[in-house]
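Architecture at a glance
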Amino acid sequence: SISAAGLYFLNQPVASSEAILAGYTTPLEGRTHSQKHNAIKAADALNGKVILPGAEFSFNKTVKSWSWDAGYMKAPVSYDGELIRAYGGGVCQTSTTLYNAALLAGLEIKERHSHVFAPHYVPPGRDAAVAQYTVDLRVRNPYLFPVRIVTATNGNRLQVRLVGAKEARPRVEILSEPLSRSEPERLTRITYRDDGSTGRSYVRNPGARGYRVLTYRLLTPPDGKTKREKLSDDTYQAMDRLIQRDE
């Protein structure tokens, strides 16, 4: 098995009656300006929101529409094996970061979806895709105290903390079991010119490996027996590496 990567506990102060239940970070390095803008804007919409005891939290209902009139930008997203520009590209990084913080805090996962292609900012099996209005991330607070969401960016890192009462809670561990891996193919697309000018080559899509991975969560109560929870069985397609050559 492979233990979770990307865990990042924050030491920023909280109220004396509170404790950081869990924190998670994902890298923004390599993301375009518009992807960063959208990810941070979605994180701002989450910041300060409170999940009451026993209540369910919806990412889509909280962030609402990630459209032009809501201040979002067009950014690269994967569609049918290619990268295209669409409003809200990058928002899934925020939902993914929240998902991992929720896993580590012991929240119940009511709805979560994987991407068709594995994103590079989180280990396979740990992503949470969202799309208005049918693909959501929903979590439930199982505790007797409210849980508050705190988001921040620190340089090229997107951070989500979940803060709650200083009470005993389960110890959490996330495990991944890779079952298979497939390599992308290298494709070349040629565009012919009629004016005789010199052509050039560039990477239209860098490609991505395909995976099948099982993901589990181990919950160990302070005075109880460890519970093993199967979170997901995800299969990601290999995205071909596409080289565009103008001739």
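Residues numbered from 1 in each chain as written. Predicted model: local features only at pLDDT ≥ 70, side-chain atom pairs only at ≥ 80, totals over all residues. Heavy atoms only, no water.

Some details on the sheet that holds strand β9 (residues 147-153)
Strand order across the open sheet formed by four strands is β2-β10-β9-β3, with antiparallel pairing between neighbours. One side of each edge strand has no neighbouring strand; the edge strands of this open sheet are β2 (18-27) and β3 (50-51). Contacts between helix α1 (residues 33-46) and the sheet are confined to β9 and β10 (157-165), with β9 contributing the most and set at about 150° to the helix. (Pairing = 2+ DSSP bridges. Helix = DSSP H or I, 4+ residues; strand = E, 2+ residues; numbered from the N terminus. Contact = heavy atoms within 4.5 Å. Axes fitted to C-alpha atoms, helices over the stretch in contact; angles between N-to-C directions.)

Things to note about the sheet that holds strand β7 (residues 108-111)
With antiparallel pairing, the three strands of this open sheet are ordered in space as β4-β8-β7. The open sheet has two edge strands with one neighbour each: β4 (56-58) and β7. Across the sheet, the axes of successive neighbouring strands diverge by a mean angle of 25°, strand direction being ignored. With three bridges joining them, β7 and strand β8 (residues 138-140) adopt antiparallel strand pairing. When the sheet's bridge partners are listed, Glu111 is paired in β8 with Arg138.

Some remarks on α1
The end-to-end C-alpha separation of α1 is 20 Å, in line with the 20 Å expected for 14 residues at 1.5 Å each. All of the buried residues along α1 are Ser34, Gln35, Asn38, Ala39, Ala42, Ala43 and Leu46. The first or second residue beyond α1 is Gly48, which carries a positive phi of 90°. (Expected span 1.5 Å × (residues − 1). Buried < 20%, exposed > 50% of the residue type's maximum accessible area, 1.4 Å probe, protein only.)

Some remarks on the packing of aromatic side chains
For the structure on display, the rule yields two aromatic pairs. With a centroid separation of 6.3 Å and an interplanar angle of 55°, the aromatic rings of Phe59 and Trp66 are classed as tilted. Here Phe59 matches Trp66 in class, with each residue buried. Considering the side-chain rings of Tyr143 and Phe145, the 5.0 Å spacing of their centres and the 5° angle between planes classify their relative orientation as stacked. One exposure class covers both Tyr143 and Phe145, and it is buried. Seen from the ring of Tyr72, Lys41 lies directly overhead, with NZ or CZ sitting 5.7 Å from the centre. Taking the ring centre of Tyr216 as reference, the NZ or CZ of Arg228 above it sits at 3.9 Å. (Phe/Tyr/Trp six-rings, centres within 6.5 Å; stacked < 30°, edge-to-face > 60°. Lys NZ or Arg CZ within 6 Å of the ring centre and 35° of its normal.)

Some remarks on the pairing of β2
Within β2, eight of the 10 residues are buried, which leaves it mostly tucked inside the rest of the structure. Sheet analysis places β2 next to β10, joined by nine bridges and oriented antiparallel. For Ala19, the partnering residue across the bridge sits in β10 and is Gly164.

Concerning the packing of α1 against helix α3 (residues 91-105)
Where α1 contacts α3, the two axes come as close as 7 Å, and the packing angle between them is 45°. In terms of their interaxial angle, α1 and α3 are classed as oblique. As α1 packs across α3, the resulting crossing turns out to be right-handed. Facing α1, whose interface residues are Asn38, Ala39, Ala42, Ala43 and Leu46, α3 presents Val91, Thr94 and Leu98. Taken together, the residues of the contact of α1 with α3 sort by class into six nonpolar, two polar and no charged. (Parallel < 35°, antiparallel > 145°, perpendicular 65-115°, else oblique. Left-handed = near helix turned anticlockwise from the far one by under 90°. Nonpolar A, V, L, I, M, F, W, Y, C, P; charged D, E, K, R; others polar.)

Here's the deal with the pattern of salt bridges
The final tally for this structure, using the stated rule, is 10 salt bridges. Among the salt bridges present, the one from Arg148 reaches Glu18, with a minimum N-O distance of 2.7 Å. Remark: Glu18 occurs in strand β2 and Arg148 occurs in strand β9; sequence separation between them is 130 residues. By relative accessible area, which is 27% here, Arg148 ends up partly exposed. (Salt bridge = Lys/Arg side-chain N within 4 Å of Asp/Glu carboxyl O.)

Quick word on the confidence of the model for the chain
Residues with a pLDDT of 70 or more make up 85% of the chain, whose mean pLDDT is 88. Confidence drops under pLDDT 50 across residues 1-13; counting only partners more than four residues distant or on other chains, this segment forms 33 contacts. (pLDDT = per-residue confidence, 0-100.)

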